Amino acid sequence: MERKAETGTGSAPSPRYVAALAMSLAEAESREARLRLRAEEAEAQLQSVRQRLKSPRHRIADVVGNAIQRIPVLWPLLARVTEAALRREGRRRRPGV
């Protein structure tokens, strides 16, 4: 299908030209529909993230996390306890070693 208007016998464009224009219009509409669907999905995901951020659990976790980072001794202590717990779990899973 060619996109240039063919000179026909009358003033109406050729059927091939009209078909080419119709195909390009259908492709553009299909592209727009896919983009619209992606935008709606992104908006839904954004809305769920906003709801999570407003939840009391998230706010409490944020306050606790900030407090842990501000207390100089607590952060390294928490890291050591976490490492010890992970080592202990590793030993439990390998009973034959």
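Throughout this document, residue positions are counted from 1 along each chain, in the order its sequence is written. Where totals are concerned, whole chains, interfaces and linings use all residues; where local detail is concerned, this predicted model gives features only for residues with pLDDT of at least 70, and gives and counts side-chain atom pairs only at 80 or more. Each side-chain value is worked out from all heavy atoms of the structure, with water and hydrogens disregarded.

**Some thoughts on the overall build of the chain**
How we decide: Numbering of helices and strands starts at the N terminus; helices are DSSP runs of H or I of at least 4 residues and strands are runs of E of at least 2. Three exposure classes are used, based on accessible area relative to the maximum for each residue type with a 1.4 Å probe and protein chains only: buried under 20%, partly exposed in between, and exposed over 50%. Method for areas: the Shrake-Rupley scheme with a 1.4 Å probe, in which residue coverage is limited to the protein chains shown.
The helix and strand tally for the chain stands at three helices and zero strands. Expressed as a percentage of its 97 residues, the buried residues of the chain come to 5%. For the chain, the computed accessible surface area is about 9,000 Å², with 59% contributed by carbon and sulfur atoms.

**Side note on helix α1 (residues 15-54)**
One full turn of an α-helix is made of 3.6 residues, so residues set three or four places apart face in the same direction. Condition: To estimate how far a helix should reach, multiply one less than its number of residues by 1.5 Å.
The end-to-end C-alpha distance of α1 is 58 Å, a good match for the 58 Å that 40 residues give at a rise of 1.5 Å each. Considered for burial, the residues of α1 that qualify are Tyr 17, Ala 20 and Ser 24.

**Quick look at the pattern of salt bridges**
The condition is simple: Salt bridge, as used here, is a side-chain nitrogen of Lys or Arg placed within 4 Å of a carboxyl oxygen of Asp or Glu.
Evaluation of the coordinates by the stated rule reveals one salt bridge. Here Arg 50 ties to Glu 43 by a salt bridge, and the two come within 4.0 Å at their closest N and O atoms. With a relative accessible area of 40%, Arg 50 lands in the partly exposed category.

**Overview of the packing of α1 against helix α2 (residues 56-70)**
Any two packed helices are characterised by the angle at which their axes cross and by the distance between the axes. Cut-off, in case you're wondering: Fitted lines through C-alpha atoms serve as axes, helices being fitted only where they are in contact, and the angles separating the N-to-C directions of these axes extend from 0 to 180 degrees. Here the word oblique covers every angle except those under 35 degrees (roughly parallel), over 145 (roughly antiparallel) and from 65 to 115 (roughly perpendicular). In this description, contact between two residues means that some pair of their heavy atoms is separated by no more than 4.5 Å. The classification used treats Ala, Val, Leu, Ile, Met, Phe, Trp, Tyr, Cys and Pro as nonpolar, Asp, Glu, Lys and Arg as charged, and all other residues, Gly among them, as polar.
Interhelical geometry of α1 versus α2 gives an angle of 60 degrees and a closest axis separation of 5 Å. With respect to α2, the element α1 is oriented oblique. Here Arg 52, Leu 53 and Lys 54 of α1 lie close against α2, whose contacting residues are Pro 56, His 58 and Arg 59. Tallied by class, the residues present in the contact of α1 with α2 amount to two nonpolar, one polar and three charged.

**Describing a nonpolar patch on the surface**
Put simply, the test is: Exposure above 30% relative accessible area and the absence of a salt bridge qualify a residue for a patch, where like charges join within 9 Å and nonpolar side chains (Val, Leu, Ile, Met, Phe, Trp, Tyr) within 5 Å.
Taken together, the side chains of Ile 71, Leu 74, Leu 77 and Val 81 define a hydrophobic patch exposed on the protein surface, amounting to about 320 Å² of accessible area. Judged by its relative accessible area of 41%, Ile 71 falls in the partly exposed class.

**Quick notes on the confidence of the model for the chain**
This is how the line gets drawn: Along the chain, pLDDT gives the predictor's confidence residue by residue, from 0 to 100.
On average, residues of the chain carry a pLDDT of 84, and 85% of them reach 70 or more. Mean pLDDT values for the elements of the chain range from 86 in α2 up to 92 in α1.

**Here's the deal with the environment of Leu 53**
Here Leu 53 is to be found in helix α1. Excluding residues within four positions of it along the chain, Leu 53 makes contact with His 58 and Arg 59.

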